[in-house]
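Here is what each chain is made of, one letter per residue.
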Amino acid sequence: MFKLKSIYKSIVKYPTSLVLNILSLVIAFTGIITLMLYISYENSFDTFNKNYHRIYKIEIGNPGSTVPAVISPIIRKNVPEIENITPLLFTNSTLTTAKLKARKIIFYASGMYANNNVFNIFTFPFVLGNKKHALSNVNTVVLTKSMARKLFGEKNPVGKEVLIHDKNFTVTGVIQDIPENSSFRVKYISSFKTLTQKPGDAANTWEEWSYRVFCKVNKQADIRNVTEKLNAIEEINKHINPDTDNSKEHREALFLKPLSGLHFSTDNNFSIINKKVLYVLGILALVLAIMGAVNFINLTTSQAFQKAKIFSIKRVFGANRTMVMMQVILEAILISLFALGLSFLLHRLLFPYLENILAVKGFGFDHRLQWYFYFVLMAVIFGIVAGIYPAYYISSPDLSQSVKGAQNFTGKGKLIRNGLLVLQFVLAIALIITSIGIGKQIRYWHNFNIGIQKENIIYLRTTKNIRQHDKAFAKELIKNQDISQFTYSGSIPGYVGMGWGRVVDGQQISLRVWPVDKNFLDFFGLKIVKGHPFSKTTGADNNTFILNQKAVEQFGWKNPLEKTFPGFNFNGKVIGVVKNFNFSSLKERIKPMMFWLTNDRKYYLFLKIEPGNYTQTIAYIKKIWEQFEPVQNFNFTFLDSSLNALYAKEDRISYFVEFVALWSILLSLTGLLGLVLFTARDRTKEIGIRKVNGASVLEIVKMLNREFLKWVAVAFVIAIPIAYYAMYRWLETFAYKTKLSWWIFALAGIIVLAVALLTVSWHTFRVARKNPVEALRYE
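Small disclaimer: the values here were computed from a predicted structure and weren't measured.

1. Description of the overall build of the chain
Counting secondary structure elements, the chain contains 26 helices and 21 strands. Counting only residues that meet the buried cut, the chain has 54% of its 779 residues in that class. A separation threshold of at least 6 residues defines the contact pool for the chain, and within that pool the share at least 24 residues apart is 80%. When the accessible surface of the chain is split by element, carbon and sulfur atoms take 57% of a total near 35,900 Å².

2. A few points about helix α17 (residues 470-477)
The complete set of buried residues in α17 reads Asp470, Phe473, Ala474 and Leu477. Take α17 and look down its axis: the buried residues cluster within an arc of 95 degrees, on one side only. Relative to its buried face, α17 has exposed residues pointing more than 90 degrees away, namely Lys471 and Lys475. Buried residues along α17 sit in contact with β11 (457-461), α16 (464-468), β12 (483-489), β20 (604-609) and α20 (614-628).

3. Overview of the pairing of strand β2 (residues 82-96)
Regular strands place side chains that alternate from one sheet face to the opposite one. Burial within β2 is extensive, with 13 of its 15 residues counted as buried. Alignment of β2 against strand β9 (residues 212-217), held across six bridges, turns out to be antiparallel. Note on β9: the bridge partner recorded for proline 87 is valine 213. Examined bridge by bridge, β2 and strand β3 (residues 107-114) share seven bridges and lie antiparallel to one another. Note on β3: the bridge partner recorded for threonine 94 is tyrosine 108. Note that β2 and strand β6 (residues 161-164) share two bridges and pair antiparallel. Its bridge partner lying in β6, threonine 96 is registered against leucine 163.

4. Some points on the pattern of salt bridges
Enumeration over the complete set of coordinates arrives at 12 salt bridges. With a shortest N-O distance of 2.9 Å, lysine 479 and glutamate 476 are connected by a salt bridge. We note a salt bridge from lysine 536 to aspartate 522, for which the minimum N-O separation is 2.5 Å. In this pair, lysine 536 is assigned in the loop between β15 (528-531) and β16 (545-548) and aspartate 522 in helix α18 (residues 520-523), connecting sequence segments 14 residues apart. A network of salt bridges, in which partner residues are shared, links Arg54, Glu83 and Lys216.

5. Here's the deal with the nonpolar core
Grouped together as the largest cluster of nonpolar side chains are 115 residues, with contacts concentrated most on Leu281, Trp514, Phe524, Leu526, Phe595 and Phe606. Broken down by element, this core gets its largest block of residues, 15 residues, from helix α15 (residues 414-447). The contact partners of leucine 526, leaving out residues within four places of it in the chain, are Gly451, Ile452, Phe520, Leu521, Val578, Phe581 and Phe595.

6. Structural notes on unusual backbone geometry
Even without being glycine, aspartate 166 reaches a positive phi, approximately 70 degrees. Within the element layout of this structure, aspartate 166 appears in the loop between β6 and β7 (167-175). Its identity is not glycine, yet asparagine 543 carries a phi of approximately 60 degrees, on the positive side. By secondary structure assignment, the location of asparagine 543 is in the loop between β15 and β16.

7. Considerations on the side chain of lysine 57
By the element assignment, lysine 57 lies in strand β1 (residues 55-60). At 2.7 Å, the side chain of lysine 57 and the side chain of glutamate 59 are in polar contact.

8. Looking at the packing of aromatic side chains
Per the stated rule, a full pass over the model turns up 51 aromatic pairs. Between tryptophan 557 and phenylalanine 565, the ring centres sit 6.0 Å apart and the planes meet at 65 degrees, which makes this aromatic pair edge-to-face. Its relative accessible area of 0% is what places phenylalanine 565 among the buried residues. An aromatic cluster of at least three residues, connected via ring pairs, comprises Tyr459, Trp514, Phe520, Phe523, Phe524, Phe581, Phe583, Phe595, Tyr604 and Phe606.

9. Re the packing of α17 against α20
Between α17 and α20, whose axes approach to 10 Å, the crossing angle comes to 150 degrees. Relative to α20, the element α17 lies roughly antiparallel. Like other packed secondary-structure pairs, α17 and α20 cross with a definite hand, here right-handed. Residues Ala472, Phe473, Glu476 and Leu477 of α17 lie in contact with α20, whose contacting residues are Tyr620, Ile621, Ile624, Trp625 and Phe628. Among the residues making up the contact of α17 with α20, the classes are represented as eight nonpolar, no polar and one charged.

10. Some words on the packing of helix α23 (residues 684-692) against helix α24 (residues 697-731)
At their nearest, the axes of α23 and α24 sit 10 Å apart, and the two run at 145 degrees to each other. Where α23 crosses over α24, the two elements pack in a sense that is right-handed. Residue-level contacts link Glu686, Ile687, Arg690 and Lys691 of α23 to Val697, Ile700, Met703 and Leu704 of α24. Class assignment for the residues of the contact of α23 with α24 results in five nonpolar, no polar and three charged.

11. Observations concerning helix α7 (residues 223-231)
Inspection of α7 places Val226, Thr227 and Leu230 among the buried residues, and these make up the whole buried set. Down the axis, α7 shows its buried residues gathered within 100 degrees of arc, on one side only. The elements touched by buried residues of α7 are α3 (71-78) and β10 (254-258). Put simply, aspartate 222 is the residue that caps the front of α7, since its side-chain oxygen is 3.0 Å from the backbone nitrogen of arginine 224.

12. A look at a nonpolar patch on the surface
On the surface, Phe373, Tyr374, Leu377, Ile381, Ile384, Val385 and Ile388 cluster together into a nonpolar patch covering about 660 Å² of accessible area. Topologically, isoleucine 384 is positioned in helix α13 (residues 370-394). Taking relative accessible area as the criterion, isoleucine 384 reaches 36% and is therefore assigned partly exposed.

13. Overview of the environment of glutamate 207
For glutamate 207, the position within the fold is in the loop between β8 (188-191) and β9. Look at glutamate 207 and you get partly exposed, because its relative accessible area is 26%. It is 8.1 Å that separates the C-alpha atoms of glutamate 207 and phenylalanine 568, two residues lying 361 residues apart in sequence. Those residues within four positions of glutamate 207 in sequence are excluded, and the remaining contacts are Gly499, Trp500, Gly501 and Arg502.

14. As for the environment of glutamate 732
Note on placement: glutamate 732 falls in the loop between α24 and α25 (742-768). Among the residues examined, glutamate 732 registers a relative accessible area of 38% and is labelled partly exposed. When the C-alpha atoms of glutamate 732 and lysine 587 are compared, they prove to be 9.9 Å apart, with 145 residues separating the residues in sequence. For glutamate 732, the side chain forms a polar contact with the side chain of arginine 729, separated by 2.8 Å.

Reading the values: rules and limits
- Residues numbered from 1 in each chain as written.
- Predicted model: local features only at pLDDT ≥ 70, side-chain atom pairs only at ≥ 80, totals over all residues.
- Heavy atoms only, no water.
- Helix = DSSP H or I, 4+ residues; strand = E, 2+ residues; numbered from the N terminus.
- Buried < 20%, exposed > 50% of the residue type's maximum accessible area, 1.4 Å probe, protein only.
- Contact = heavy atoms within 4.5 Å.
- Areas by Shrake-Rupley, 256 points an atom, 1.4 Å probe, with all protein chains shown as cover.
- Arc of directions from axis to C-beta.
- Pairing = 2+ DSSP bridges.
- Salt bridge = Lys/Arg side-chain N within 4 Å of Asp/Glu carboxyl O.
- Core = buried A, V, L, I, M, F, W, Y, C linked by side-chain atoms within 4.5 Å.
- Polar contact = N/O pair within 3.5 Å; in protein donor to acceptor, adjacent residues only side chain to side chain.
- Phe/Tyr/Trp six-rings, centres within 6.5 Å; stacked < 30°, edge-to-face > 60°.
- Axes fitted to C-alpha atoms, helices over the stretch in contact; angles between N-to-C directions.
- Parallel < 35°, antiparallel > 145°, perpendicular 65-115°, else oblique.
- Left-handed = near helix turned anticlockwise from the far one by under 90°.
- Nonpolar A, V, L, I, M, F, W, Y, C, P; charged D, E, K, R; others polar.
- Patch = residues over 30% accessible without salt bridge, like charges linked within 9 Å, V, L, I, M, F, W, Y side chains within 5 Å.

Here it is, written out as structure tokens:
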């Protein structure tokens, strides 16, 4: 029916249009491939678990909440639909062995405490050991394969000792490395029994809310019914919902969060992403597809005059209009498939760099070869859809006119082409506005005054040796004139993870707790608005508390200084209220929080250093560190860098949008160039006549530019409300947000106008310089 040689000649006969078409499609397809692979990767999180749809996280009150570990056995006893249940406590610790420690080789890795049920709930295949009893005893640990290799080489580690946080643990098993698309990024799993050896241990109390509890339900379980049973357990209710008048207004309900939603939650202990981000990226992929189709249509129809004459000859020799249309569509499919092949090559070259720049995984085809088929299918469908209008348009002239070369396309489909051009620039302008707006929001976060001093501050993660000599270590450091202050803390700003649930005067409350020393408030410049700060001269304030204003407000306490909090084997008084400050991400509103003055939990040391002499100061700190800690290597982090990392996900979104915005500009340019080619060809005679009558090159250029730039202006007017609405909806999800300034929209318009003007002027200048005699002969 169709001769390949004939189709090939038809495709390559107009090389300018062909090159622009292929370039446009390569740009579009490369962007689509990158975005769709990433979306697929993010949606695949935790699906490697065989019982993926039967696994749930038990939460109390608010989404992402932590719970007391003691609810696990109670729930297992009272809810028969739950087959397995385990509490989890996430941690970051040092790992080494006696031999490695002697050589000063220590690894720092994330891990978690769990019971044996963790292996029945999640799919963590064992390489060595018995999963039924691996975590049955205290001080036992299961290592991942890669961690076992780091610690023991190729030897069997089962039965050997490993030092975790300077404590001896016996290796009882080795599991395969947990996949990258897992919410649990851990290198070892320790026995939860290690945390429950004594009745007073935090994991045995109702006061410590720092745990995540996961369960697996049976196949017949009705989740609504299971939730009702959870909330009907009296033993839990009497602790989290004591039967008093106060508590009825603040009743906390238990609910089940499916594992499928964990990756899209707000719990920073897991690898998370906002589901809306994936929707946005999906829309961006669709935008690229639309822009690629617009370009293909405009570039193909720009050659309609020449192609119609060739196809008219075929029709004279017996081909009907349907066959002509099918050939145009077939050519579109072949061009689309060829461009896809080039896109695969370009993607293969680019994706490692993109993963490195964006600090994300998921751009490659690893273990997802089926996506090659999906993209080939996409290219075929794209070719059919994008080829329909050009096929109809090119075959539309009357046969008698086409044979004579008198076919007239002037004005035909002009509205459609201009509409497509406007659509393309609407998308490009909207993307540029969005990109600038996201960047402005991220800068707003980075420069926001969170209520504490964060410049020129570094922090060190302490070790057992440092904590045993914390005062002497700090005393040596402060001798350096470039180190002005120090303080110890159990958490760092932005990452306060300790959660307490307490019953105070019959009212169940939950809040974040921040273990600190007596220097902490002064160090960070925090202001006391009621009561007094922790005493620096006596130990009288040890195990006392200072609330933030939000806690006082949310709990409705008129006299907070009269309150007493139960701690770990002590009752501590509230001695003050501190002015609100942002101790977590600016994406969230300030939550109830409480400082706890304690001599324990000095996991971090903060140092305020003078600017301008960092190198010598850091060298001095390292020297003192090595005197007190001869084994573990010295490391430090700037506090402002740590706080900026809270917005790493938004930074990545910004990069994605900038990537697509750049791609959209390139697509717009190729599409605009196609329309310029079409218009210049259609107005060749007019240009020749104007030049014969004395029109200058500049006048011709201005005439042609005016027509295109007015459509860019129309696109700008349409894009403004669309981009404004999109940015407004994105910003309203954050507690602290920037304003959508007028200059964002103006800058986007200027960028697109400038690029469009250069593109159009370049070609129209070439057309305007042609000899008018040639133009009239052409007609």
